[in-house]
Structure formats: structure tokens, C-alpha cells
Amino acid sequence: QVQLVESGGGLVQAGGSLRLSCAASGRTFGSCTMGWFRQAPGKEREFVAGVSWIGGSTNYADSMKGRFTISRDVAKNTVYLQMNSLKPEDTAVYYCAFRYGSSVRRTNDEYNFWGQGTQVTVSS
């Protein structure tokens, strides 16, 4: 079992920045990847970014490239999502996800564990 706890969401003006954190605990050893997804009201949950735990390779949704950066701190078992130049359309609940396996995947059902989500609201 893996537990994920997100933090760092909040209200920010358009053009601003936020950094989300996700602390993982439990059976996190071995080859794994972690990702961020988001879900806006009335929309499906979508992939934002992912990082492989060993090696640190990253993968981003096209619309987030250049604005969002995912990183991980292996010693702290924590993954971060730095979000810059935020837009109102970035408003969503952001979820951290964990999967066993070395490659970043972009679909929900390939992740084994999920956090509770953290709200990000970008005002215009």
C-alpha cells in the first residue's frame, strides 16, 4: 500500500505561480513513477506531468510544457509540481498518483494509488 498526501494548492492570480508537493509513504521502494493529474469541473481527469523515480525522466502534457516543471526528491519521497504563468483554465483539483513501473504513463488506470487532491484556483 502507498499513501500520498498533496499540499500547496490555493488561490492565485493569473500569471502567478504555485508549487504543489506530494509526499509518498508505504511500499514506495523499487521501480516506480509518480505523476500529476488534474480535473476541472465537468471535465475528465487529465494527465499533467510524470517522473520516473529512478533516473528522473519526465513527461509532460503538451499544454503544460514550458510552464510546469515536475521534480522529485528521492531522500524525502516527495514529488513537486512547479506551476508558473498560471491561467484561469488551469483551475482544477490536482491529484498526485503513483504506479509501479519505470516508465511514465499518461492514463488514469495505469496508476495504482492516488492522493486526495488539492484545489488550485486561478483568478483572472
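Residues numbered from 1 in each chain as written. Predicted model: local features only at pLDDT ≥ 70, side-chain atom pairs only at ≥ 80, totals over all residues. Heavy atoms only, no water.

Considerations on the pairing of strand β7 (residues 68–73)
Using the following cut-off: Here, a strand pair is defined by DSSP locating no fewer than two bridges between the strands. Put simply, DSSP H or I for four residues or longer makes a helix, DSSP E for two residues or longer makes a strand, and each gets a number counted from the N terminus.
The pairing of β7 with strand β8 (residues 78–83) spans 6 bridges and is antiparallel. Residue pairing for β8: Ile 70 is matched across the bridge by Leu 81.

Points about the pattern of salt bridges
Quick reminder of the rule: Every case where a carboxyl oxygen of Asp or Glu lies within 4 Å of a side-chain nitrogen of Lys or Arg is listed as a salt bridge. Between buried and exposed lies partly exposed: a residue is buried under 20% and exposed over 50% of the maximum accessible area for its type, with that area taken using a 1.4 Å probe on protein chains only.
What the rule picks out here adds up to 5 salt bridges. The partner of Arg 38 in a salt bridge is Glu 46, with the nearest N and O atoms 2.6 Å apart. What makes Arg 38 buried here is its relative accessible area of 8%. The salt bridge involving Arg 38 is made with Asp 90; its shortest N-O contact spans 2.8 Å. Of the two residues, Arg 38 is situated in strand β4 (residues 32–39) and Asp 90 in the loop between β8 and β9 (92–100); the sequence distance between them amounts to 52 residues. Judged by relative accessible area, which is 0%, Asp 90 ranks as buried. Among the ionic contacts, a cluster of salt bridges with common partners joins Arg 38, Glu 46, Arg 67 and Asp 90.

Re the sheet that holds β8
Spelled out, the test is: Orientation is described by axes fitted as lines to C-alpha atoms, over the contacting stretch for helices, and by angles from 0 to 180 degrees between their N-to-C directions.
The sheet built from 4 strands is open, its strands ordered β1-β3-β8-β7 with antiparallel pairing. Whereas interior strands pair on both sides, the edge strands pair on one side only; in this sheet they are β1 (2–7) and β7. On average, each strand axis in the sheet is inclined to that of its neighbour by 15°, with strand direction left out of account. As paired elements, strand β3 (residues 18–26) and β8 share 6 bridges and run antiparallel to each other. Counterpart to Leu 18 in the pairing with β8 is Met 83.

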